[in-house]
Amino acid sequence: MNHSFGSDNYSGVHPKIMEALTRVNEGHATSYGGDEYTAKAIEKFKEYFGNDIDVFFAYNGTGANVLGLASVTKSFNSIICSDLAHIHVDESTASEKFTGCRQITVATIDGKIYPHQIEDRIQRVNDQHHPQVKVVSISQPTEYGTVYSPEEISRISKVARNHNLYFHMDGSRISNAAVSLNKNFREFTRDAGVDILSFGGTKNGMMFGEAIIFFRQQLSEDFPYIRKQGMQLHSKMRFIAAQFDALLSDDCWKRNAMHSNGMAARLAEELRKIPQVTITQSVDANAVFVIIPAAIIPALQQEQFFYVWTEKTSEARLMCSFDTRPEYIEKFVKKLRELLGRL
Ligand SMILES: Cc1ncc(COP(=O)(O)O)c(C=O)c1O
């Protein structure tokens, strides 16, 4: 399949990651995370986030999110998130199944949720008849490709603290957020009050693998059992660990994310020159949301595939990846102009 703007998980594996996989494919290693590669990768995370954290690996982002949430909730609790949150609209009812919790959504127009909206949703505390709110979950970047500032995150964390809630961040594209903010990971996660972080690898060049990071170690006590029960304990763990080690070494994560963010910025710049299309969201990371006349979408998708995000408004999501090249953007924009010219 040609390059597409379908998603950053349409891309293949970054060569550095593939090399790392090949390198650790030598001989035997203790399974289930008892190996030296897993220990090394965990140390790498500690270099970024500090020593007093707990790190666990999982296969996918849904598993990381759901099990992270399961570790701090009981089935009579509820979780506040945006109405666009991946945990709400793109993970089926996995979080409901594994946590038993009700999800309470907040309407979003830019992918973000704001403190006053969270305050509004905290209701009937200590009322045995009502689901008891326990966690606030945000995505960074959001599903709309927008990025919270560290201050915005701190403000959410303050609300969470004031109401005894835990704060979870879905960071499936966290490297894109770090590059966008020009901050280190810690500044807008741990230092901004996040308790549990899903740290993504797959969308930034890994073959598979995500990490769940606990910034308050007392929260992770039961996690090994929760992960096993949740079927996310990889037996040949060295293959997730080696990928993270490579991603977090020599700024591989940063270069990949700088590239994909840069390509999205370039694409957006080209699209802004075309009056018949409208960019709908701030292009903070590697996604461009754009309204394109519905009549030309199927033909444009033939050129390079992308998803229609909102059918009613004909809003498309164009996602750039570590392997998006300027010439793919040129080709796409050329085709777009050509199709618009025929309308
Ligand atoms: C915001 C967000 N969170 C999490 C995920 C992880 O999903 P998966 O379970 O497919 O790895 C995705 C993937 O699309 C995502 O966009």
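Look above for the structure.
Presented here is a report on the structure given in the accompanying data block. Bear in mind the structure is a predicted one, so any value in this text is a computation, not a measurement. (Residues numbered from 1 in each chain as written. Predicted model: local features only at pLDDT ≥ 70, side-chain atom pairs only at ≥ 80, totals over all residues.)

1. Structural notes on the overall build of the protein chain
- When its secondary structure is counted, the protein chain shows 13 helices and eleven strands.
- Over its C-alpha atoms the protein chain spans a radius of gyration of 20 Å, differing by no more than 12% from the 20 Å that the globule rule assigns to 343 residues.
- When its C-alpha atoms are laid out on the principal axes, the protein chain stretches across 60 × 55 × 35 Å.
- Counting the 343 residues in the protein chain, one finds 50% classified as buried.
- Pairs at least 24 apart in sequence give 77% of the contacts found in the protein chain among residues at least 6 apart. (Helix = DSSP H or I, 4+ residues; strand = E, 2+ residues; numbered from the N terminus. Rg over C-alpha atoms; globule rule 2.2 N^0.38 Å. Buried ≥ 20, exposed ≤ 12 C-beta atoms within 10 Å, placed from the backbone. Contact = placed C-beta atoms within 7 Å.)

2. Focus: the environment of Gln 302
- Residue placement: Gln 302 occurs in helix 12 (residues 297-303).
- With 33 residues separating them along the chain, Gln 302 and Lys 335 place their C-alpha atoms 10.0 Å apart.

3. So, the sheet that holds strand 1 (residues 54-58)
- Strand order in the open sheet formed by seven strands is 1-7-6-5-4-2-3, with mixed pairing between adjacent strands. Each of the sheet's edge strands pairs with one partner strand only, and the pair in question is strand 1 and strand 3 (102-106). Across the sheet, the axes of successive neighbouring strands diverge by a mean angle of 20 degrees, strand direction being ignored.
- With four bridges connecting them, strand 5 (residues 166-171) and strand 6 (residues 196-200) associate as parallel partners. Bridge pairing in strand 6 places His 168 opposite Ile 196. (Pairing = 2+ DSSP bridges. Axes fitted to C-alpha atoms, helices over the stretch in contact; angles between N-to-C directions.)

4. Some thoughts on the sheet that holds strand 9 (residues 287-291)
- Here we have four strands laid out as an open sheet, ordered 8-9-11-10, and antiparallel in their pairing. Across the chains shown, the open sheet's two edge strands, defined by having one partner strand only, are strand 8 (278-279) and strand 10 (307-310).
- Note: strand 10 against strand 11 (residues 315-319), three bridges, orientation antiparallel. When the bridges of strand 11 are listed, Thr 310 appears paired with Glu 315.
- Contacts between helix 11 (residues 252-272) and the sheet are confined to strand 8, strand 9 and strand 11, with strand 9 contributing the most and set at about 20 degrees to the helix.

5. Let's talk about the nonpolar core
- In terms of nonpolar packing, the biggest core is built from 100 residues, with Val 136, Ala 211, Ile 213, Ala 264, Leu 267 and Val 288 touching the most fellow members.
- The greatest single-element share of this core, amounting to eight residues, is contributed by helix 11.
- Counting the residues that make up this core, at least three belong to each of domain 1 (15-247) and domain 2 (253-341).
- If sequence neighbours within four positions are ignored, Val 288 has contacts with Ala 264, Leu 267, Ala 268, Leu 271, Ile 279, Val 283 and Leu 318. (Core = buried A, V, L, I, M, F, W, Y, C linked by C-beta atoms within 7 Å. Domains from an automatic or database assignment.)

6. As for the packing of helix 1 (residues 15-23) against helix 10 (residues 238-247)
- Contact pair helix 1 / helix 10: the axes reach a minimum separation of 8 Å and the direction vectors enclose 140 degrees. Our classification of the angle between helix 1 and helix 10 gives oblique. The handedness of the crossing between helix 1 and helix 10 comes out as right-handed. Between helix 1 and helix 10, the contacting residues are Lys 16, Ile 17, Ala 20, Leu 21 and Arg 23 on the first element and Phe 239, Ala 242, Gln 243, Asp 245, Ala 246 and Leu 247 on the second.
- Across the contact of helix 1 with helix 10, the residue classes break down as seven nonpolar, one polar and three charged. (Parallel < 35°, antiparallel > 145°, perpendicular 65-115°, else oblique. Left-handed = near helix turned anticlockwise from the far one by under 90°. Nonpolar A, V, L, I, M, F, W, Y, C, P; charged D, E, K, R; others polar.)

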